[in-house]
Amino acid sequence: MHMKQKTLITGYPRIGENRELKKALEAYWAGTISIDELKKAAAELRKTHWLFQKEAGIDFISVNDFSYYDAMLDTCVMLGAIPKRFRSLQNAEERYFAMARGNAASPAMSMTKWFNTNYHYLVPELDEDLVFKADSSKIRSEYREAKKLGIEGKINIIGPLTFLGLSKTSGDTDPYDYFDAALSAYTEILRHIAAEEDGVLVQFDEPVFARDPSQKQLDLLKKAYTALSAAGKNLRIIVTTYFEHSNEAAAALAGVPVWGIGLDFVHGAKNIEGLSALNGKRLVAGVVDGRNIWVNDAEKTLALLEKIAGSVPAEHIIVSTSCSLLHVPYSLEKESGPITPWLAFAKEKVRELVCIAKAFGDPRAPENIEWLEANKALAASRKASTLICDEKTSARAASFAAHAARPGTFAGRNAVQKKALALPKLPTTTIGSFPQTGELRALRRDAKSGKITGEQYEAEIKRYIDNCIAFQEEAGLDVLVHGEPERNDMVEYFGEMLKGFYFTKGAWVQSYGSRCVKPPIIYGDVSRPSPMTVKWIAYAQSKTKKVMKGMLTGPVTILNWSFVRDDIPRSSAARQIAISLHDEVKDLQDAGIRIIQVDEAAFKEGYPLRRENIAAYEEWAVDAFRLTVSGAREETQIHTHMCYSDFSDSIHTIEKMDADVITIETARSGNRLLKVFKERGYANEIGPGVYDIHSPRIPGTKEFIEQIASRLDVLSQDKMWVNPDCGLKTRKWEEVKPALKNMVEAAKSFRH
Ligand code: GLN
Ligand code: ZN
């Protein structure tokens, strides 16, 4: 019997297929367009995205999945949860962007990764003076805007448990102490929404339940959704989780009268075990992967849906993406190449989802059978393709020890390095990149398109490196970098030179605010045909007497920032990358490079959300890092860099990585998270960030002195480095130059 199976998209990307939002935002910030022009550009994007989904045949289309910067930030505004330092700002837009980016008077809100993704959200700040105040204006206006276009929107809201669970508080209070106050603001929002229309659908995102939940969270979950369900007549509430299974939450909601529950069956296979808890509710079944870019294996997915239908009546199943499509690029329309037939980005996934739902609802319809056959043929062609397997790579991988590592201990290496490098107390350095100017981007573009010759390109890059070195010497930095002018992106650059990677033309994914990344696609066995960085780093070292730091992106980061194969374990792919980087470390060392930094910016975001999976991840991730540096001699100093500072539950892993120096991000968070290094008795050297590079602010020398002094409360002087939080590529030279000079001056003031 034919049945129209309903479909739902958890959320749609918002930056624009051609990054229109990024361009509009940056133009607005630069003062070249007005706020009205920015708003117009945003409305245009929403319209395009809604109409596309409607035409594709999606039943439940999200509204309020749009954001000018970040949905957590929008939720702060929705609840009136404005951090203290921004409360006096009256102009809504000014305040919004000040919270996101900082202003002359105040640093921005801090930013951190959204669960195990590479999307960053702004961390809400709750304090004892905070008075929640419901503001539903954005939601209502976007809902009406959609309605005018003939879209009956499903309203996306970040749920109270997730919002509070990701917030930080002042003092020792628990964010859930704010539960009652936050819930009444949420309830009021729902009242406003219910007044818009009868039967409005609201999707509350509660991914916090993909992590092991506490009993308290589960109790509050029940309480929250019992109250929210009663907030308005005929409201249809869906509580959605993603990125892992969340059986506990599903069970807790069994007796709560919400309309539906959204579960991720791609990254949470165990969700299948909890379906009896649904108790007559709709099941939003996330079966199309929102985190990866491979064409869905429809046969498998249909089998999964059949299995689900064993516990849930088919008419209660809404076929959905596993999470928001925010985490995948827009469309394959611009792409071409041997692997593109095997790929599906957001638009293709939307269409694919509709086909799957149709095939599930009506398996005997000829067009559904035909589609399924084509899908099967595609999967078979990928499996059989010679692009995927490389026997040489597997043989080489087998030749390395299972747990390869550097010989010796940190203490032994440290003594040798202290002598060899002869650095001053509190040595100063930077994290690698210097400002990526428009000129530089144009240069790389022209080189790629053949508009300029290889020699011209090389000469220009060398000129940038020369300038970069001249500035660093003038500023008095101790360990220099070449500035990474040849790198578009820290992963793309390496991927482009490694075998087994595919590079898209325009597959942008939002990272934070207006920033996007273009993750490569690992489709086959990875190997390094030739050295990747040696030419540039050796050139840079030849231009200075100071120590030049070689700069590599680590294996775990390359993996975590790429779309990976779904046909081998992540651990095997990591090992292949590590071997390629191992060869690069040795080549750099042989070229006379004495410090090599292996960036593991994304080490942490690869952490599994569930405790049960952590030990396995830590083992292979640490192995990959150690294998990468296993060829470094004792006197070669290995640095690593991580873009955050919360190591409270991973310090033992940092210890096992055994980098001689680790630089981390602490300019915004201060010592709060750094203390764990002291408590643990962490022995290796640390460079806690003292310059917030996510903000255009230029800290003065006094501020740097305070930052350094404060770090010295927890770190010992002979183990500490002074450096910015992260690379400087997003900043302007006018900001970086004075800031670094002030930073060096401040460090020097501690040396007598
Ligand atoms: N070396 C890189 C840079 O400075 C590190 C960036 C990062 O960790 N995100 O740009
Ligand atoms: Zn960083």
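The rules behind the values
Residues numbered from 1 in each chain as written. Chains lettered and ligands numbered in written order. Predicted model: local features only at pLDDT ≥ 70, side-chain atom pairs only at ≥ 80, totals over all residues. Heavy atoms only, no water. Helix = DSSP H or I, 4+ residues; strand = E, 2+ residues; numbered from the N terminus. Buried < 20%, exposed > 50% of the residue type's maximum accessible area, 1.4 Å probe, protein only. Contact = heavy atoms within 4.5 Å. Areas by Shrake-Rupley, 256 points an atom, 1.4 Å probe, with all protein chains shown as cover. Lys, Arg positive; Asp, Glu negative; His and termini not counted. Charge placed at Lys NZ, Arg CZ, Asp CG, Glu CD. Near = heavy atom within 4 Å. Polar contact = N/O pair within 3.5 Å; in protein donor to acceptor, adjacent residues only side chain to side chain. Nonpolar A, V, L, I, M, F, W, Y, C, P; charged D, E, K, R; others polar. Expected span 1.5 Å × (residues − 1). Donors = N, O, S within 2.8 Å, 3.2 Å for Na, K, Ca; no water. Tetrahedral: all angles 85-135°; square planar, octahedral: opposite > 155°, others 65-115°. Salt bridge = Lys/Arg side-chain N within 4 Å of Asp/Glu carboxyl O. Disulfide = S-S within 2.5 Å. Axes fitted to C-alpha atoms, helices over the stretch in contact; angles between N-to-C directions. Parallel < 35°, antiparallel > 145°, perpendicular 65-115°, else oblique. Pairing = 2+ DSSP bridges. Phe/Tyr/Trp six-rings, centres within 6.5 Å; stacked < 30°, edge-to-face > 60°. Core = buried A, V, L, I, M, F, W, Y, C linked by side-chain atoms within 4.5 Å.

The next point concerns the overall build of the protein chain. Of regular secondary structure, the protein chain possesses 25 helices and 22 strands. Relative to its 752 residues, the protein chain shows a buried fraction of 61%. Considering only intrachain contacts with a sequence separation of at least 6, the fraction spanning at least 24 residues in the protein chain is 77%. Put simply, the protein chain shows about 28,500 Å² of open surface, and 53% of that area lies on carbon and sulfur atoms. Where the 99 positive side-chain charges of the protein chain centre and where its 99 negative ones centre are 2 Å apart.

Contacts to ligand 1 come from 13 residues, most closely from Ser-433, Glu-484, Asp-599, His-641 and Gly-727. Between ligand 1 and the protein, one listed contact pairs an oxygen atom with a side-chain N or O atom of Ser-433 at 2.7 Å. Here ligand 1 has 300 Å² of accessible area as a free molecule, and 95% of this is covered by the chains. Taken together, the residues of the shell around ligand 1 break down into 6 nonpolar, 4 polar and 3 charged.

This brings us to helix α20 (residues 570–590). Between its first and last C-alpha, α20 extends 30 Å over 21 residues, near the 30 Å set by a 1.5 Å rise per residue. Gly-592 lies just past α20 and shows a positive phi near 90°.

Moving on to the coordination of the zinc ion (ligand 2). At the metal site, the zinc ion (ligand 2) is ligated by His-641 (NE2), Cys-643 (SG) and Cys-726 (SG), and these contacts range over 2.0 to 2.2 Å. Metal-centred angles of 80 to 121° between the 4 donor atoms at the zinc ion (ligand 2) mark the site as irregular. One chain supplies every donor for the zinc ion (ligand 2), spaced along it as H-x1-C-x82-C. Here Cys-643, found in the loop between β20 (637–641) and α22 (651–657), pairs with Cys-726, found in the loop between α24 (701–712) and α25 (733–748); they are 83 residues apart in sequence, far enough to count as distant. Accessibility expressed as a relative area gives 17% for Cys-643, which makes it buried. Given a relative accessible area of 15%, Cys-726 falls into the buried group.

With that out of the way, let us pick up helix α7 (residues 179–196). Between the first and last C-alpha of α7 there are 26 Å, a value that for 18 residues agrees with the 26 Å anticipated at 1.5 Å per step. Listed as buried for α7 are Phe-179, Ala-182, Leu-183, Ala-185, Tyr-186, Thr-187, Ile-189, Leu-190, Ile-193 and Ala-194.

On the secondary structure map, Asp-205 appears in strand β8 (residues 201–205). Of the buried charged residues, Asp-205 lacks a salt bridge, with Lys-154 as the closest side chain of opposite charge at 6.4 Å. Leave out the neighbours within four places in its chain, and Asp-205 touches Ile-157, Ile-158, Gly-159, Thr-162, Thr-240 and Tyr-242.

In this section: the state of the cysteines. For the structure shown, the criterion picks out 0 disulfides. This cysteine, Cys-323, is not joined by any disulfide, and Cys-516 carries the nearest cysteine sulfur, 17 Å off. On the basis of relative accessible area, Cys-323 is assigned to the buried category, the value being 0%.

A few words on the packing of helix α1 (residues 20–29) against helix α2 (residues 35–56). Their axes nearest at 9 Å, the elements α1 and α2 cross at an angle of 175°. In this view, α1 runs roughly antiparallel relative to α2, as classed from their interaxial angle. Side by side, α1 and α2 meet where Glu-20, Leu-21, Ala-24, Leu-25 and Tyr-28 of the first sit next to Ile-35, Leu-38, Ala-41 and Leu-45 of the second.

Hydrogen bonds between backbone groups are what pair the strands of a sheet, and the pairing can be parallel or antiparallel. Reading across the sheet, the 8 strands line up as β1-β12-β11-β10-β9-β8-β6-β2 and stay open at both edges, with parallel pairing between neighbours. Strands with a single pairing partner mark the edges of an open sheet, and in this sheet they are β1 (7–8) and β2 (61–63). Across 2 bridges, the pairing between β1 and strand β12 (residues 317–321) is parallel. Looking at the pairing, Thr-7 lines up with Val-319 of β12. Helix-sheet contacts for helix α5 (residues 137–148) involve β2 and β6 (153–158), and the interaxial angle to β6 is about 160°.

Following the criterion strictly, the structure yields 28 aromatic pairs and no others. Taken together, a centroid distance of 5.5 Å and an interplanar angle of 25° make the contact between Phe-434 and Trp-733 stacked. Pair noted here: Phe-434 is in the loop between α14 (410–421) and α15 (438–449) and Trp-733 is in helix α25, with a separation of 299 residues, a long-range link. By relative accessible area, Phe-434 is classed as buried at 0%. Measuring from ring centre to ring centre gives 5.0 Å for Tyr-607 and Tyr-617, while their planes differ by 65°; the resulting arrangement is edge-to-face. Here Tyr-617 lies in helix α21 (residues 614–629) and Tyr-607 lies in the loop between β19 (595–599) and α21, a separation of 10 residues in the sequence. Classification of Tyr-607 by relative accessible area gives buried; the value is 11%.

Looking at the secondary structure, you find Ala-104 in the loop between α4 (92–101) and β3 (111–113). Taking relative accessible area as the criterion, Ala-104 reaches 79% and is therefore assigned exposed. For the pair formed by Ala-104 and Tyr-512, sequence separation is 408 residues and the distance between their alpha carbons is 21 Å.

Before going further, it helps to examine the pattern of salt bridges. For the coordinates displayed, the defined rule picks out 52 salt bridges. With a closest N to O distance of 3.8 Å, Arg-633 and Asp-590 form a salt bridge. Taken together, the residues Arg-633 in the loop between α21 and β20 and Asp-590 in helix α20 connect sequence positions 43 residues apart. Judged by relative accessible area, which is 58%, Asp-590 ranks as exposed.

Among the nonpolar cores identified, the biggest contains 137 residues, and Trp-114, Ile-157, Phe-163, Ile-193, Tyr-225, Leu-305 and Ile-308 are the most heavily contacted of them. The element that contributes the greatest number of residues to this core is α7, accounting for 9 residues. Core analysis: the next-biggest nonpolar cluster, separate from the first, contains 102 residues, Ile-461, Ala-574, Leu-627 and Ile-664 among them.

Note that every value here comes from positions in space, so none of it alone points to a role or purpose.
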